[in-house]
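# Observations on the model geometry
The lines below spell out each chain.
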Amino acid sequence: MKKLLYILLTLLLPMSVFADVRITLRSGQTLTGTIVFQNEQVLVIKDADGQRFQYPFSEIETIEDGIVAVSEEDTGSSAVSKKKVGVSLHVAGGAAFVPYSDAGGGMAVNIYVGACNLFDKHIFVGGGIGYTGVFVFPQQTTDKSLSFIPVQVRFSAPLMQTKHAPALGASIGYGFSPKGIDKGGVAVSVDAGWRWQMSEKAALFAGVDFALQQGKCGIVETIEEEQYTSEQVRNFCRIGLKVAIQF
């Protein structure tokens, strides 16, 4: 109905009324210019540099011109919100292990603040802090539980600029160790999954997660039936599931 109303207005009103219209495509791209031609199927718009662009109405999400805004509310896609700063909260957990050695469990909670619609796309870039716990490494360390406070930068983006799409993300930084070992180290994580745009300002992510946290710790070794403790750097890895919400 809104599209029909818009077409009727364009037929009844002079073209000069529609100068400086702003269209938003379903991909999230926006363009400002003057409508030079349109019918029931396509729209041709000329930008400030004189270039002309033609789009079928099936690819257009909204058209704003001060008279009427056309919105395809029943489509499965979503234009990018005008919101520029957001918060992303992540919770992850799964199996933890040291390569070629014992296994255990691990979990992590992280919160990031940053740009949530970079380049007018569903792209998040920011920084934040969190907590990582690693449990049950009886042969590797003098403690059976370790903890880290990672400070990281975060990047994430969907593979397609639609309302629901597969997405990738990565974080890198340094994990400080308040408990269990002498010194922390590099903290890295990567994830892949599915992103749902729940509303104009909120999105949900669920997927798989792989994380690595370095740490210098006391390693228990048995040599000729005698136990010795030495300080060594170990890579504590975790693979499991991650859920995140951005708002």
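Each remark here, short or long, concerns the structure printed above.
These notes cover the structure that comes with them.

Quick notes on the rules
Residues numbered from 1 in each chain as written. Predicted model: local features only at pLDDT ≥ 70, side-chain atom pairs only at ≥ 80, totals over all residues. Heavy atoms only, no water. Phe/Tyr/Trp six-rings, centres within 6.5 Å; stacked < 30°, edge-to-face > 60°. Helix = DSSP H or I, 4+ residues; strand = E, 2+ residues; numbered from the N terminus. Buried < 20%, exposed > 50% of the residue type's maximum accessible area, 1.4 Å probe, protein only. Salt bridge = Lys/Arg side-chain N within 4 Å of Asp/Glu carboxyl O. Core = buried A, V, L, I, M, F, W, Y, C linked by side-chain atoms within 4.5 Å.

### Quick word on the packing of aromatic side chains
Enumeration over the complete set of coordinates arrives at two aromatic pairs. Aromatic pair phenylalanine 148 and phenylalanine 236: ring centres 6.2 Å apart, planes at 45°, arrangement tilted. With phenylalanine 148 in strand S10 (residues 145–158) and phenylalanine 236 in strand S14 (residues 226–246), the pair connects residues that are 88 residues apart, well separated along the chain. Its relative accessible area of 0% is what places phenylalanine 148 among the buried residues. Accessibility expressed as a relative area gives 3% for phenylalanine 236, which makes it buried.

### Concerning the pattern of salt bridges
Scanning the entire structure with this criterion turns up six salt bridges. One salt bridge connects aspartate 120 with lysine 84, and the closest N-O pair in it is separated by 2.9 Å. Here aspartate 120 is found in the loop between strand S8 (103–115) and strand S9 (124–135), whereas its partner lysine 84 is found in the loop between strand S6 (69–71) and strand S7 (85–97), with 36 residues between them in sequence. The residue aspartate 191 makes a salt bridge to lysine 242 at a minimum N-O spacing of 3.1 Å.

### What about the nonpolar core?
Core analysis: the largest hydrophobic core is formed by eleven residues, namely Val21, Ile23, Leu25, Leu31, Ile35, Leu43, Ile45, Tyr55, Phe57, Ile60 and Ile63. Taken together, the elements giving at least two residues each to this core come down to strand S1 (21–25), strand S2 (30–38), strand S3 (42–46) and strand S5 (60–64). Ranked by residues supplied to this core, first place goes to S1 with three residues. Of all hydrophobic cores here, the second largest spans seven residues; its members include Val98, Val134, Phe148 and Cys217.

### Observations regarding unusual backbone geometry
Note on backbone geometry: most residues besides glycine have negative phi, and most peptide bonds are trans. For phenylalanine 119, which is not a glycine, the phi torsion comes out positive at approximately 60°. Residue placement: phenylalanine 119 occurs in the loop between S8 and S9. Positioned with a positive phi, aspartate 120 is a non-glycine residue whose angle comes to about 60°.

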